[in-house]
Amino acid sequence: MNSPPPLIYNLDLDLARTFVAICETGNFSRAAEKVHRSASAISLQVKKLEGMVGRALFKRETRKVSPTEDGEVLLGYARRLLKLNDEAMSHFHAPEFSGTVRLGVPNDTGIIAIPEILKRFADSHPHVDVDVHLGPTKNLRQRIAAGEIDIAIFSFDPELDSQPPIHSEPLVWLGARHGTALDKQPIPVSMAEPGCYWRTMALKSLDDAGISYRIAYTSEFCQAQIAAVRADLAIAPLPISVISDDLVHLGPRHGLPDLGEYRMTLAKRDGFGPVEAALAEHVVAGFRKISERGMRVFA
């Protein structure tokens, strides 16, 4: 008597996409927003997926979830499946663009926003190369005017920019969770280099409030500022969207002044083409998601 063939499960791509979103965000609620589902639907999907593989896929902690060893194995498979699926769909649905786009972004905001934007653009336009040029706003303005780059993102100035902002977000003071940097006198601060809009806003607010401070760390790159804060060596003025479990929002209740909002705009060179337009759409959409995330955190 022949034995029945073994039961083979097909990994549903929607389940795989939800699973990857949870792993990447470390949070069921943020993953639900990313895949446009409710939190309850996400929980049901996880339960179904764990039933299919017969293993626990997540370690649930108070503030986050992380994949188990089996979850990490499945994560690799899920990412490869989704990449192949997205490449296949892109082949048939995306315009046949190719070439190179030169994108200019600030040293600070570029590091925060651009990686995810570039990843999404590469998935939908695999034959287009993107040359990223980092620099201060003043330099990017000059280069876009000279036609040396195709798209530039920089701090919005109503006196200089005719195009509207594509992004606005609260600039806030961040410190290490349970840190002591704020208790030191003068207060050590981590700043971008002179000429940075964030630096100008922050120093003016401290001066206006009569707060004693010293610039303990200076870097052209935002990640270096964040590193100094995480090490509890200083506090820093940063976008609210970079807040994480180990960084806390410091404000008036801690004796620090409000910083207001910073705004970003997108400029295009003359002779803007369809390839550049496609990347510009991804940039605007990417900053929109960051704005939404920042507003939820600030609220």
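Every value quoted in this text rests on a predicted model; they were computed, and no experiment measured them.

A. Inspection of the overall build of the chain at higher detail. Secondary structure summary: the chain contains nine helices and eleven strands in total. On the principal axes, the C-alpha backbone points of the chain span a range of 90 × 50 × 25 Å. The contacts of the chain with a sequence gap of at least 6 include a subset with a gap of at least 24, amounting to 74%. Only carbon and sulfur atoms are counted for the fraction: they give 53% of the accessible area of the chain, which is about 16,300 Å².

B. The pairing of strand β7 (residues 187–191), seen in detail. Among the five residues that make up β7, five are buried, leaving the element largely enclosed by the rest of the structure. Of the two faces of β7, the one holding I187, V189 and M191 and the one holding P188 and S190 are both buried throughout. Summarising the sheet, β7 and strand β8 (residues 213–218) pair through five bridges and their orientation is parallel. The residue bridging P188 from the neighbouring strand is R214, located in β8.

C. Structural view of unusual backbone geometry. Following Q185, the chain continues into P186 via a peptide bond in cis, with omega recorded as -10°. Here P186 shows up in the loop between β6 (165–176) and β7. Even without being glycine, H178 reaches a positive phi, approximately 60°. Among the secondary structure elements, H178 is positioned in the loop between β6 and β7. The class for H178 is exposed, based on a relative accessible area of 79%.

About the thresholds
Residues numbered from 1 in each chain as written. Predicted model: local features only at pLDDT ≥ 70, side-chain atom pairs only at ≥ 80, totals over all residues. Heavy atoms only, no water. Helix = DSSP H or I, 4+ residues; strand = E, 2+ residues; numbered from the N terminus. Contact = heavy atoms within 4.5 Å. Areas by Shrake-Rupley, 256 points an atom, 1.4 Å probe, with all protein chains shown as cover. Buried < 20%, exposed > 50% of the residue type's maximum accessible area, 1.4 Å probe, protein only. Pairing = 2+ DSSP bridges.

Treat this as a map of the structure, not an account of what it does.
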